Amino acid sequence: MKRFTIMAVSIAALLFSPVIASAKEGVINSKGEWSVAPTFEEVKDSGGLYAATLGDSPANQSWGFIDQRGKWVIKPQFSYVGSFAANGLAPAAQNLKYGYINKKGEWVIKPQFHPIEQEKEMVVDRSFSGNGLAWTYKEGKVGFINTKGQWAIKPQFTYASSFGADGLAVADQNGKLGYIDGKGSWVIKPQFEQANKFVNGIAKVMINGKVAYINEKGKVLFKTSYTDAGDFHQGFAWVVVEGKVGYIDTKGKLVIKPTFEPDYGMNTSAGDFQSNGLARALLNGKWGFINKKGTWVIKPQFAWVRKFSPAGFAVVGVH
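These numbers were taken from a predicted model, which means no experiment stands behind them.

1. Quick look at the side chain of K204
Point 1. Note that K204 resides in strand β20 (residues 203–207).
Point 2. The side chain of K204 is buried and forms no salt bridge, while D228, the nearest opposite charge, is found at 5.0 Å.

Put into structure tokens, the structure is as follows:
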């Protein structure tokens with residue numbers, strides 16, 4: 001299947017994330033201090049809690065949830081878990097089917113959906129979005145369910161993203177991408193080669209192989225000469241220039257010189273700036289965090305890092 005957007009990941013990658021030998025993950029605060037010591041095989045930020053596993057291979061991994069001190073809140077028992085949404089529900093899988101649990105680990109929507117249908121299928125975040133809809137599919141087509149597990153938008157798309165904060169989702173028609181609303185109606189007609197969800201009213205799209213940015217009416221704000229770039233967060237978007245990562249502002253001006261390294265193994269070339277003003281960055285094979293001046297606030301020292309949560313914590317990995 002054609003790879004429409006960097007948001008898409010293979011279903012195998014979603015259900016069975018790779019485990020790097022002799023690597024552990026923990027959680028740091030914005031000063032780089034450990035909040036949760038690196039003792040887990042994998043940790044994922046999940047809406048106030050952290051999904052965590054101790055299994056050393058996908059075959060024997062069981063996922064549960066820990067708090068910000070590393071204490072188990074929901075004991076490991078699931079083969080896959082996603083993020084808790086604002087409605088307090090998170091996707092979770094057992095016995096090759098998934099449903100939705102609450103923060104006590106209780107099933108609210110019993111496991112009934114099939115996580116694997118074809119190896120070539122592409123999936124995105126299955127967590128509930130702010131509009132109360134969650135991504136799922138049936139017979140190779142993508143649709144959306146409500147909090148009762150009922151179809152709100154019948155499966156009809158070859159590809160669709162989860163819904164963004166603005167209530168729009170990327171979807172495809174005849175090989176082109178556009179944007180739908182919570183009723184499944186087209187708000188921006190399919191016309192782009194690639195498209196990302198809107199972030200604060202701006203979305204990255206691809207037009208004739210180059211990155212461009214549009215508003216929620218589908219109007220092109222500006223085009224670029226870049227073939228690899230990110231979404232705008234806190235007024236900045238990362239770009240790759242001659243193999244180095246820098247940042248542009250919302251007018252397309254290069255404001256942080258391209259001095260950092262891309263790393264495509266993390267599903268992105270760089271990091272987005274978060275509410276604490278920090279973005280992850282890579283230099284000499286090590287990850288750290290920079291501020292909006294491009295200055296290191298947490299020096300590069302980790303094997304990999306994930307973005308800071310709104311609460312001010314980030315998952316990092318060490319060897």
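Moving on from the coordinates now.
2. So, unusual backbone geometry
Point 1. Even without being a glycine, N174 presents a positive backbone phi close to 55 degrees.
Point 2. Among the structural elements, N174 can be located in the loop between β16 (169–173) and β17 (176–180).
Point 3. At E242, a position not held by glycine, the phi torsion is positive, near 50 degrees.
Point 4. Relative to the elements of secondary structure, E242 occurs in the loop between β23 (237–241) and β24 (244–248).

3. Some details on the packing of aromatic side chains
Point 1. Per the counting criterion, the structure on display carries 18 aromatic pairs.
Point 2. Taking the centre distance of 5.7 Å and the plane angle of 90 degrees together, the rings of F78 and W107 count as edge-to-face. Highlighted residues: F78 in strand β7 (residues 72–78) and W107 in strand β11 (residues 107–113), separated in sequence by 29 residues.
Point 3. Since its relative accessible area comes to 1%, F78 is described here as buried.
Point 4. Of the aromatic side chains, those joined through ring pairs into one cluster are Y98, Y100, F113 and F128.
Point 5. Between the NZ or CZ atom of K44 and the centre of the ring of W63, over which it lies, the distance is 4.5 Å.
Point 6. Of note, K103 hangs over the ring of F84, and the distance from its end group to the ring centre comes to 5.5 Å.

4. Brief notes about the pattern of salt bridges
Point 1. Scanning the entire structure with this criterion turns up four salt bridges.
Point 2. Between E25 and R306 there is a salt bridge whose closest N-O contact spans 3.2 Å. Remark: R306 occurs in the loop between β29 (304–305) and β30 (313–318) and E25 occurs in strand β2 (residues 24–29); sequence separation between them is 281 residues.
Point 3. Accessibility expressed as a relative area gives 2% for E25, which makes it buried.

5. Description of the environment of A51
Point 1. Among the structural elements, A51 can be located in strand β5 (residues 49–53).
Point 2. Residues A51 and V81, 30 residues apart in the sequence, show an inter-C-alpha distance of 7.0 Å.
Point 3. In this view, A51 contacts E42, V43, K44, S46, W63, G64, F65 and V81; residues no more than four positions away in its chain are not counted.

6. Here we look at the sheet that holds strand β8 (residues 80–81)
Point 1. In space, the four strands of this open sheet follow the order β8-β9-β10-β11, with antiparallel pairing throughout. Looking along the sheet, the strands with just one partner apiece sit at the ends: β8 and β11.
Point 2. One ladder, built from three bridges, connects strand β10 (residues 97–101) with β11; its direction is antiparallel. Each residue of the ladder has a partner; that of Y98, found in β11, is F113.

Cut-offs used in this document
- Residues numbered from 1 in each chain as written.
- Predicted model: local features only at pLDDT ≥ 70, side-chain atom pairs only at ≥ 80, totals over all residues.
- Heavy atoms only, no water.
- Helix = DSSP H or I, 4+ residues; strand = E, 2+ residues; numbered from the N terminus.
- Buried < 20%, exposed > 50% of the residue type's maximum accessible area, 1.4 Å probe, protein only.
- Lys, Arg positive; Asp, Glu negative; His and termini not counted.
- Salt bridge = Lys/Arg side-chain N within 4 Å of Asp/Glu carboxyl O.
- Phe/Tyr/Trp six-rings, centres within 6.5 Å; stacked < 30°, edge-to-face > 60°.
- Lys NZ or Arg CZ within 6 Å of the ring centre and 35° of its normal.
- Contact = heavy atoms within 4.5 Å.
- Pairing = 2+ DSSP bridges.

Limitation: the analysis is restricted to geometry and does not speak to function.
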